[in-house]
Amino acid sequence: MADLSNFPITSRWPAQNPDVIQLYSLATPNGVKISIALEELGLPYEAHLISFDTVDQKSPEFVSLNPNGRIPAIIDPNGPDGKPIGLFESGAILIYLAEKTGKLIPADAAGRYETIAWVMFQMGGVGPMFGQFGHFFKYAAAKVANNSYPVERYRDEAKRLLGVLEERLSSRQWIMGDEYTIADIATFPWVRGVDVFYGGKDVLELEKFPAVMDWVARAYARPASEKGWKVPSKG
């Protein structure tokens, strides 16, 4: 049985089965990336709920695994050289899991790097910009009621990014073509979430991006997506 005692986070969220991947997350657009990937890969894992309501992500135990205090994070008891490894940042975790299994990423070097580039597109563009849009449009709406600039700024940037995706997906099934990859898993939860979590469908005019919306529907219809979207359960 793996010894995870060197990870302080396990003192607050004990591992029931320390021999499987430990996922510390919440069902947000960032969090579900990893649960969806784990489901796609068929890797056994144990999910621990990191509740924003009680600011778990800022607790000393969680910060010991992710100094940035953001979900998701994982511990893999079977890391490089067979030793446990802790990881944070969803893009890094996706790349790690893909390379660990040899799945969800092209085998050829050129395809691999292109996939990683699209993961970085999500990490550096789609995630932050959609997140800021959602913050000002929904959660801080009262604070900016007399100032339309924040919503307009992030609305316009979100639509620009959707346009990039629309062009990419206009003639292909997945971001990398015929192969479903971590680039899709990184990105589609944010596009679906901008409506499901933020109610921004009409403001962002999502109907003007039909290729993107068809792609989101295909991605979410995958059994791993439907299951991973609800992990970890709040109940």
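Above: the structure in question.
Residues numbered from 1 in each chain as written. Predicted model: local features only at pLDDT ≥ 70, side-chain atom pairs only at ≥ 80, totals over all residues. Heavy atoms only, no water.

Draft legend 1. Representation of the packing of aromatic side chains. Here the structure, examined in full by the defined rule, presents eight aromatic pairs. Each ring, one from Phe136 and one from Tyr154, has its centre 5.9 Å from the other, and the planes form 5°; the classification is stacked. Taken together, the residues span a long stretch of sequence, with Phe136 in helix H5 (residues 109-139) and Tyr154 in helix H6 (residues 149-169) at a distance of 18 residues. Take Phe136 and Tyr154: they sit in the same class, and that class is buried. Seen in terms of ring centroids, Phe197 and Trp229 are 5.9 Å apart; in terms of plane orientation they differ by 15°. Their pairing is stacked. Here Phe197, found in the loop between helix H7 (182-196) and helix H8 (210-221), pairs with Trp229, found in the segment after helix H9 (223-228); they are 32 residues apart in sequence, far enough to count as distant. Residue Phe197 is classed as partly exposed on the basis of its relative accessible area of 23%. Residue classification places Trp229 among the buried positions, given a relative accessible area of 9%. Taken together, the aromatic side chains of Phe188, Phe197, Tyr220 and Trp229 make up a single cluster linked through ring pairs. (Phe/Tyr/Trp six-rings, centres within 6.5 Å; stacked < 30°, edge-to-face > 60°. Helix = DSSP H or I, 4+ residues; strand = E, 2+ residues; numbered from the N terminus. Buried < 20%, exposed > 50% of the residue type's maximum accessible area, 1.4 Å probe, protein only.)

Draft legend 2. Up close: the nonpolar core. Residues Leu97, Phe130, Val212 and Trp215 are the most contacted members of the largest nonpolar core, which totals 61 residues. Of all the secondary structure elements, the ones that give two or more residues to this core are strand S1 (21-25), helix H2 (31-41), helix H4 (90-101), H5, H6, H7 and H8. Non-local contacts of Val212, meaning those with residues more than four positions away in its chain, are made with Leu162, Leu165, Glu166, Leu169 and Val191. One finds Leu4, Trp13, Leu26 and Ile71 within the second-largest nonpolar core, a separate group that totals 12 residues. (Core = buried A, V, L, I, M, F, W, Y, C linked by side-chain atoms within 4.5 Å. Contact = heavy atoms within 4.5 Å.)

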